[in-house]
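Analysis of the macromolecular model
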Amino acid sequence: MDKVRLQDGREVDVYRLAGFLYGLSASDVELLKVILEQREVTTEYLAERLKVTKASVSKGLNNILDRGLISRDRAMRNGGKGRPIYIYKADRKQFLARFADDLQSISDQVRKSLEEKDGKKLVTVPN
């Protein structure tokens, strides 16, 4: 899923494109990438894996959560004492389906906007 080859031979990094599409920073994109790879992670795991603070991980996770790209479940620590932990989850297939739908929606919006501006129907480009 890392790269997509365009018709002219250029390759586009899917994660960077997703970051642009959903307004995510580069660090948010790295978080999303790890979550999609691992399926379930904790803040502690992400901070250790990416070698950043838990505070910066939490900020990025909130950005990604706000866009509905991941989910969060609350869990109790071993023994049920102390502060709960949060498990962040993402399903790769669901993400890819949403990403494809959102790209298609943007494409449709651009096409409609251009047609309205030019006052004529645009030629459909084959896939």
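For the protein chain, the name recorded in an unreviewed UniProt entry is Transcriptional regulator, with Sulfodiicoccus acidiphilus as its organism.

What to know about the nonpolar core
A general tendency of soluble globular proteins is for nonpolar side chains to be buried together. Core analysis: the biggest nonpolar cluster contains 24 residues, and Y22, L32, I35, L46, I70 and F95 have the highest contact counts within it. Mapped by element, the contributors of at least two residues to this core are α1 (14-22), α2 (26-38), α3 (43-50), α4 (54-66) and α5 (92-118). The leading source of residues in this core is α2, at six residues. When sequence neighbours within four positions are dropped, the list of residues in contact with Y22 reads R67, L69, F95, R98, F99 and D102.

Topic: the side chain of D28
In this structure, D28 sits in helix α2. The buried charged residue D28 lacks any salt bridge partner; its closest oppositely charged side chain belongs to R67, at an N-O distance of 5.8 Å. Setting aside residues no more than four positions away along its own chain, D28 makes contact with G60, N63 and I64.

Brief notes about the layout of surface pockets
A volume near 290 Å³ is recorded for the second largest pocket. Taken together, T43, E44, K54, S58, N62, R72, R77, R83, P84, I85, Y86 and Y88 form the lining of the second largest pocket. Of the residues belonging to the lining of the second largest pocket, the class tally is four nonpolar, three polar and five charged.

Quick word on a nonpolar patch on the surface
Among the surface-exposed residues, I106, V110 and L114 lie close enough to one another that they form a single nonpolar patch of about 220 Å² accessible area. On the basis of relative accessibility, which here comes to 44%, the residue V110 falls in the partly exposed class.

Let's talk about the UniProt feature "domain: HTH marR-type" (unreviewed entry) in the protein chain
Here the UniProt-annotated "domain: HTH marR-type" (unreviewed entry) positions come out as residues 22-72. The distance from the first to the last C-alpha atom of residues 22-72 is 18 Å, and the span holds 69% helix and 10% strand.

Here we look at the pattern of salt bridges
The final tally for this structure, using the stated rule, is eight salt bridges. Between E40 and K89 there is a salt bridge whose closest N-O contact spans 3.7 Å. With E40 in strand β3 (residues 40-42) and K89 in strand β5 (residues 85-89), the pair connects residues that are 49 residues apart, well separated along the chain. Judged by relative accessible area, K89 falls into the partly exposed class, the value being 26%. Through salt bridges that share partners, E40, D73 and K89 make up one connected network.

Quick word on the sheet that holds strand β4 (residues 71-75)
One open sheet holds the three strands; their spatial order is β3-β5-β4, and the pairing between them is antiparallel. Since the sheet does not close on itself, it has two edges, and those belong to β3 and β4, each with one partner. Across the sheet, the mean angle from the axis of one strand to that of its neighbour is 30°, orientation sign disregarded. As paired strands, β4 and β5 are joined by five bridges and run antiparallel to one another. Residue D73 lies in a different strand from β5, and its bridge partner there is I87. On top of the sheet, α2 reaches β3 and β5; it is set at about 130° to β3, its chief contact. In the packing of α3 onto the sheet, the strands contacted are β3 and β5, and the crossing angle to β3 comes to about 85°.

Rules used throughout
Residues numbered from 1 in each chain as written. Predicted model: local features only at pLDDT ≥ 70, side-chain atom pairs only at ≥ 80, totals over all residues. Heavy atoms only, no water. Core = buried A, V, L, I, M, F, W, Y, C linked by side-chain atoms within 4.5 Å. Buried < 20%, exposed > 50% of the residue type's maximum accessible area, 1.4 Å probe, protein only. Helix = DSSP H or I, 4+ residues; strand = E, 2+ residues; numbered from the N terminus. Contact = heavy atoms within 4.5 Å. Lys, Arg positive; Asp, Glu negative; His and termini not counted. Salt bridge = Lys/Arg side-chain N within 4 Å of Asp/Glu carboxyl O. 1 Å grid on protein atoms, 1.4 Å probe; cavity = no way out; pocket = protein on both sides within 12 Å on 5 of 7 lines; lining within 4 Å. Points joined across faces, edges and corners; volume = space filled by probe spheres on them. Nonpolar A, V, L, I, M, F, W, Y, C, P; charged D, E, K, R; others polar. Patch = residues over 30% accessible without salt bridge, like charges linked within 9 Å, V, L, I, M, F, W, Y side chains within 5 Å. Areas by Shrake-Rupley, 256 points an atom, 1.4 Å probe, with all protein chains shown as cover. UniProt positions renumbered as here; feature names shortened; annotations may be inferred. Pairing = 2+ DSSP bridges. Axes fitted to C-alpha atoms, helices over the stretch in contact; angles between N-to-C directions.

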